[in-house]
Amino acid sequence: MLRTHPLDIWIVTIILVGTLVLFITEKIPVALTAIGIMVTLVVCQILEPQESVAGLAHPAVVTIGAMFLISRGLVRTGSVEYLARRIIRLTKGSPGLATISILSVVAVASAFINNTPVVILFIPVVMTMCCEFNLSPSRFLIPVSYASILAGTCTLIGTSTNIIVSDLSAQHGLEPISFFELSIVGFPIAIVGILFLFVAAPKLMPALANPVCQIQDSENRKYLAELKIPRSSNFLGKEPVALFREKYPDVLVLELVRYSHVFHPSRDSVSIAADDILLVKGSVNDLVGIIHQEDVYLPSSEKGLSFGVAKNESLVVEIIITSQSSMLGQRLIETRLMKDPGIHVIAIKRSNLHFTEKQVQDVKLKNGDMILVWCYSDKLAEMRAERDYLIVEDVYEEIIHKRKTWIATSIFAGMVVFAAFGWADIMICALSAAFLMVFTGCLQMRDAYRALQGNILLLIAGTMALGAAMEKTGASQLYAEMFVSMFSGWSPGIILGGMILLTSISTQILSNNATAVLMVPIAVSTAVGIGVDPKPFIIGICFGASACFATPIGYQTNLLVYTPGGYRFSDYLKMGVPLNLLVVILATVLIPMFWHF
């Protein structure tokens with residue numbers, strides 16, 4: 001029901017201005033601002049309670065939430081990293097080849113995956129590559145962020161903004177945006193934009209020294225572990241030194257223990273026999289991968305590590321022995337850790353010191369020793385209450401479940417195919433893929449909860465409530481009339497360009513999702529006001545809302561690379577402003593060619 005009372009429009013305008021101020025200044029968290037919008041609209045009797053919270057159940061919000069889970073599953077299984085590192089090996093130290101390779105991989109990944117986790121994944125990849133080839137990461141990181149934004153406009157799921165605009169379009173009685181519909185314009189804009197980055201980055205980006213050259217697992221992040229060779233192992237008869245060289249080149253086999261005799265593979269000629277125990281040194285990822293995939297098991301347990309879907313999930317955590325621990329001076333095998341059936345010791349690490357004992361289980365614990373253990377999630381509460389050690393759960397976040405790579409990739413590919421051919425609604429496709437990610441063990445429920453990014457979902461729901469209020473009170477129609485009056489007498493193409501430019505300016509200071517929600521009603525009202533098809537304006541909002549290159553706060557990926565690249569605010573202006581203008585001009589020219597007024 002449309003309400004056109006002037007007082008209602010003034011109230012909505014005041015709320016809109018207040019929202020913009022709070023979003024820009026971030027005096028309070030954006031999620032709290034979003035909740036405040038919903039509460040204020042109800043208190044002021046602009047919206048009914050069910051109307052104010054309707055955005056929480058909106059298909060766009062559900063779809064975006066599912067996409068967060070899917071993206072997290074792809075990252076945790078190493079699907080994107082595998083492709084990235086393969087291509088980077090081909091660069092062979094050439095800055096030009098490295099730039100175009102990284103930007104291309106980021107663009108392809110960001111066209112189908114939420115670009116925030118893609119950029120998060122590529123930051124250490126870029127830093128590592130720059131260390132290997134003696135390059136400056138500041139020449140790459142802003143272009144990586146920009147390439148991910150450009151490519152996000154190529155498909156419906158490339159960025160959450162496109163999903164929101166598509167659903168809002170359907171709410172206004174228009175056709176939703178199909179999966180590859182944006183590609184017609186998005187692809188050429190992305191190509192031109194990436195070519196601009198390739199040419200401009202070496203000239204406009206600073207060449208700062210790399211602040212870190214040891215992003216990957218280093219010596220101080222490697223653990224000692226014992227692996228037992230079963231009688232059925234395929235490793236029988238092989239040389240210990242070359243055992244893991246192909247799959248895990250960074251894993252070192254230090255000793256081979258056969259009953260009471262210790263062999264040193266680096267100098268002793270020995271072949272592996274049944275019941276041998278290998279003393280190895282490696283990273284968390286490599287050790288977990290070996291125990292998962294290879295013909296070995298932990299001497300202290302006949303059971304292998306399991307990360308399948310279950311109510312009681314299994315985790316790998318790090319335990320640090322404290323100075324007040326009752327286990328100080330005890331041999332590891334004598335401690336409660338080894339005797340507890342719910343805890344399985346994987347490896348141990350001692351900073352800057354070597355162990356004198358022949359076997360890990362015989363190590364006498366000291367203050368600061370770190371023990372890598374596998375346990376079930378319901379065991380954590382009991383372990384946290386212990387005073388003998390501290391638990392570091394973040395180590396679990398470092399583990400990449402590479403054995404699930406192809407499962408995750410297949411699930412994602414299936415979702416894309418079903419959505420692209422219209423065999424199922426995008427929300428159903430995304431929910432199904434998220435369910436399968438968890439069901440197949442590519443993503444644990446614990447990770448799924450963390451991946452949801454509730455602040456973003458609340459932000460979208462809150463701005464949707466404000467958009468609904470603008471529609472209900474007639475405020476959006478009034479704003480559209482004011483906008484059209486500024487371009488009185490101009491052609492629809494010029495008005496479209498002005499709308500895209502206004503959206504692009506707004507998204508530099510607001511989130512792109514909030515900008516899209518607020519601008520769609522104005523765009524539709526503007527098109528209706530001048531008597532043309534609203535579809536070109538809807539498409540224009542997609543490109544304008546994602547054209548946020550000029551500031552580090554305009555888009556989350558811009559902020560992510562700010563510190564690792566050592567950038568200043570002016571670095572974003574140098575390349576962001578020309579790129580912004582380039583995208584606005586190209587979108588203004590290309591959109592009317594495919595979506596006629």
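## A word on the pattern of salt bridges
Line of reasoning, step 1. What the rule picks out here adds up to six salt bridges.
Line of reasoning, step 2. With its nearest N and O atoms 2.9 Å apart, the salt bridge here joins Arg-231 to Asp-275. Of this pair, Arg-231 sits in the loop between β1 (223-228) and β2 (252-258) while Asp-275 sits in the loop between β3 (261-263) and β4 (277-282), and the two are 44 residues apart along the sequence.
Line of reasoning, step 3. Overall, the relative accessible area of 63% leaves Arg-231 in the exposed class.

## Brief notes about the pairing of strand β6 (residues 343-349)
Line of reasoning, step 1. Summarising burial for β6: seven of the seven residues are buried, a large majority.
Line of reasoning, step 2. Where β6 and strand β7 (residues 370-376) come together, six bridges link them in antiparallel fashion. By the bridge assignment, Val-345 is partnered in β7 with Val-373.

## Topic: unusual backbone geometry
Line of reasoning, step 1. Phi at Gln-45 is positive, roughly 60 degrees, even though this residue is not glycine.
Line of reasoning, step 2. With respect to the element layout, Gln-45 can be found in the loop between α2 (30-43) and α3 (49-52).
Line of reasoning, step 3. Among the residues examined, Gln-45 registers a relative accessible area of 61% and is labelled exposed.

## Some words on the packing of aromatic side chains
Line of reasoning, step 1. Applying the stated criterion to the full structure yields ten aromatic pairs.
Line of reasoning, step 2. Arranged with centres 5.9 Å apart and planes meeting at 90 degrees, the rings of Phe-235 and Phe-244 form a pair that is edge-to-face.
Line of reasoning, step 3. Ring pairs connect the aromatic residues Phe-112, Phe-179, Phe-180 and Phe-412, which therefore count as one cluster.

## Some remarks on the nonpolar core
Line of reasoning, step 1. Counting residues in each nonpolar core, the largest one holds 133 residues, and the members touching the most others are Ile-70, Leu-150, Met-415, Phe-543 and Ile-591.
Line of reasoning, step 2. Looking at which element gives the most residues to this core, the answer is helix α20 (residues 512-529), with ten residues.
Line of reasoning, step 3. Every residue in contact with Met-415, bar those within four places of it in the chain, is listed here: Met-67, Ile-70, Ile-157, Cys-429, Ala-430 and Ala-433.

## Section: helix α8 (residues 141-152)
Line of reasoning, step 1. Across its twelve residues, α8 extends 17 Å between first and last C-alpha, which sits within 8% of the 16 Å expected from 1.5 Å per residue.
Line of reasoning, step 2. Judged by how many residues are buried, α8 sits mostly within the fold: twelve of twelve residues are covered.
Line of reasoning, step 3. For α8, the set of buried residues is Leu-141, Ile-142, Pro-143, Val-144, Ser-145, Tyr-146, Ala-147, Ser-148, Ile-149, Leu-150, Ala-151 and Gly-152.

## Considering helix α23 (residues 569-594)
Line of reasoning, step 1. Spanning 26 residues, α23 covers 37 Å between terminal C-alpha atoms, matching the ideal 38 Å at 1.5 Å per step.
Line of reasoning, step 2. At Gly-576, α23 shows its largest kink, close to 35 degrees, and the proline Pro-578 lies no more than four residues downstream.
Line of reasoning, step 3. Listed in full, the buried residues belonging to α23 are Asp-571, Tyr-572, Met-575, Gly-576, Leu-579, Asn-580, Val-583, Val-584, Ala-587, Thr-588, Leu-590 and Ile-591.

## Points about the side chain of Ser-148
Line of reasoning, step 1. Position of Ser-148 relative to the elements: it lies in helix α8.
Line of reasoning, step 2. Accessibility expressed as a relative area gives 0% for Ser-148, which makes it buried.
Line of reasoning, step 3. For Ser-148, the side chain forms a polar contact with the main-chain oxygen of Ser-145, separated by 2.7 Å.
Line of reasoning, step 4. When residues no more than four places from it in sequence are discounted, the contact partners of Ser-148 are Val-106, Ser-110, Asn-115, Val-119 and Thr-557.

## Looking at the packing of helix α4 (residues 59-76) against helix α17 (residues 454-473)
Line of reasoning, step 1. Following both chains from N to C, one finds α4 and α17 inclined at 165 degrees, their axes separated by 10 Å at the closest point. In terms of orientation, α4 and α17 fall into the roughly antiparallel class. Crossing geometry of α4 relative to α17 is assigned as right-handed. Counting all contacts with α4, which are made through Ala-60, Val-61, Ile-64, Gly-65 and Phe-68, the residues of α17 involved are Ile-456, Leu-457, Ile-460 and Met-464.

## Focus: the environment of Val-53
Line of reasoning, step 1. Examined against the element boundaries, Val-53 turns out to sit in the loop between α3 and α4.
Line of reasoning, step 2. Val-53 gets classed as partly exposed once you look at its relative accessible area, which sits at 39%.
Line of reasoning, step 3. Residues Val-53 and Ala-461, spaced 408 residues apart in sequence, show a C-alpha to C-alpha distance of 7.0 Å.

## Brief notes about the confidence of the model for the protein chain
Line of reasoning, step 1. Taken as a whole, the protein chain shows an average pLDDT of 80; of its residues, 85% reach a score of 70 or greater.
Line of reasoning, step 2. Predicted confidence is poor over residues 214-219, with pLDDT under 50, and the contacts of this stretch with residues over four places away or in other chains come to ten contacts.

## Let's talk about the packing of α17 against α20
Line of reasoning, step 1. Interhelical geometry of α17 versus α20 gives an angle of 20 degrees and a closest axis separation of 8 Å. With respect to α20, the element α17 is oriented roughly parallel. As α17 runs across α20, the sense of the crossing is right-handed. Residue-level inspection shows Ile-456, Leu-459, Ile-460, Thr-463, Met-464, Leu-466, Gly-467, Met-470 and Glu-471 of α17 in contact with α20, the latter providing Asn-513, Ala-514, Val-517, Leu-518, Pro-521, Ile-522 and Ser-525.

How each quantity is defined
- For every chain, the first residue of the written sequence is number 1, and numbering continues from 1 onward in sequence order.
- Where local features are concerned, this predicted model is filtered to residues with pLDDT of at least 70; where side-chain atom pairs are given and counted, the filter is 80 or more; whole-chain, interface and lining totals use all residues.
- The side-chain quantities take in all heavy atoms of the structure and omit both hydrogens and water.
- The term salt bridge refers to a pairing of a side-chain nitrogen on Lys or Arg with a carboxyl oxygen on Asp or Glu at a separation within 4 Å.
- Strands are runs of DSSP state E lasting at least two residues, helices are runs of H or I lasting at least four, and both sets are numbered from the N terminus onward.
- Burial classification: accessible surface area is computed with a 1.4 Å probe over protein chains only, and a residue below 20% of its type maximum counts as buried, one above 50% as exposed, and the rest as partly exposed.
- Note on pairing: DSSP must find at least two bridges between two strands before they are called paired.
- Aromatic rings from Phe, Tyr and Trp, with only the six-membered ring used for Trp, were paired whenever their centres fell within 6.5 Å, and each pair was classed as stacked if the ring planes differed by under 30 degrees, edge-to-face if by over 60, and tilted otherwise.
- Put simply, a nonpolar core is a bunch of buried Ala, Val, Leu, Ile, Met, Phe, Trp, Tyr and Cys residues held in one set by side-chain atoms that sit within 4.5 Å of each other.
- Contacts were defined at the residue level, with two residues in contact if any of their heavy atoms lie within 4.5 Å.
- In this scheme, a helix's expected span is set at 1.5 Å multiplied by one less than its residue total.
- A residue's bend is simply the angle between two axes: one fitted to the seven residues ending at it, one to the seven starting at it.
- We call two N or O atoms a polar contact when they sit within 3.5 Å, provided that within protein one can donate a hydrogen and the other can accept it, with sequence-adjacent residues counted only if both atoms are side-chain atoms.
- Lines fitted to C-alpha atoms define the axes here, with helix axes fitted over just the stretch in contact, and angles between the N-to-C directions of these axes take values from 0 to 180 degrees.
- Comment on the angle field: the value is read as roughly parallel under 35 degrees, roughly antiparallel over 145, roughly perpendicular from 65 to 115, and oblique elsewhere.
- In this scheme the crossing of two helices becomes right-handed for a clockwise turn of the near helix relative to the far one and left-handed for an anticlockwise turn of less than a right angle.
- A score between 0 and 100, pLDDT records how confident the predictor is in each residue.

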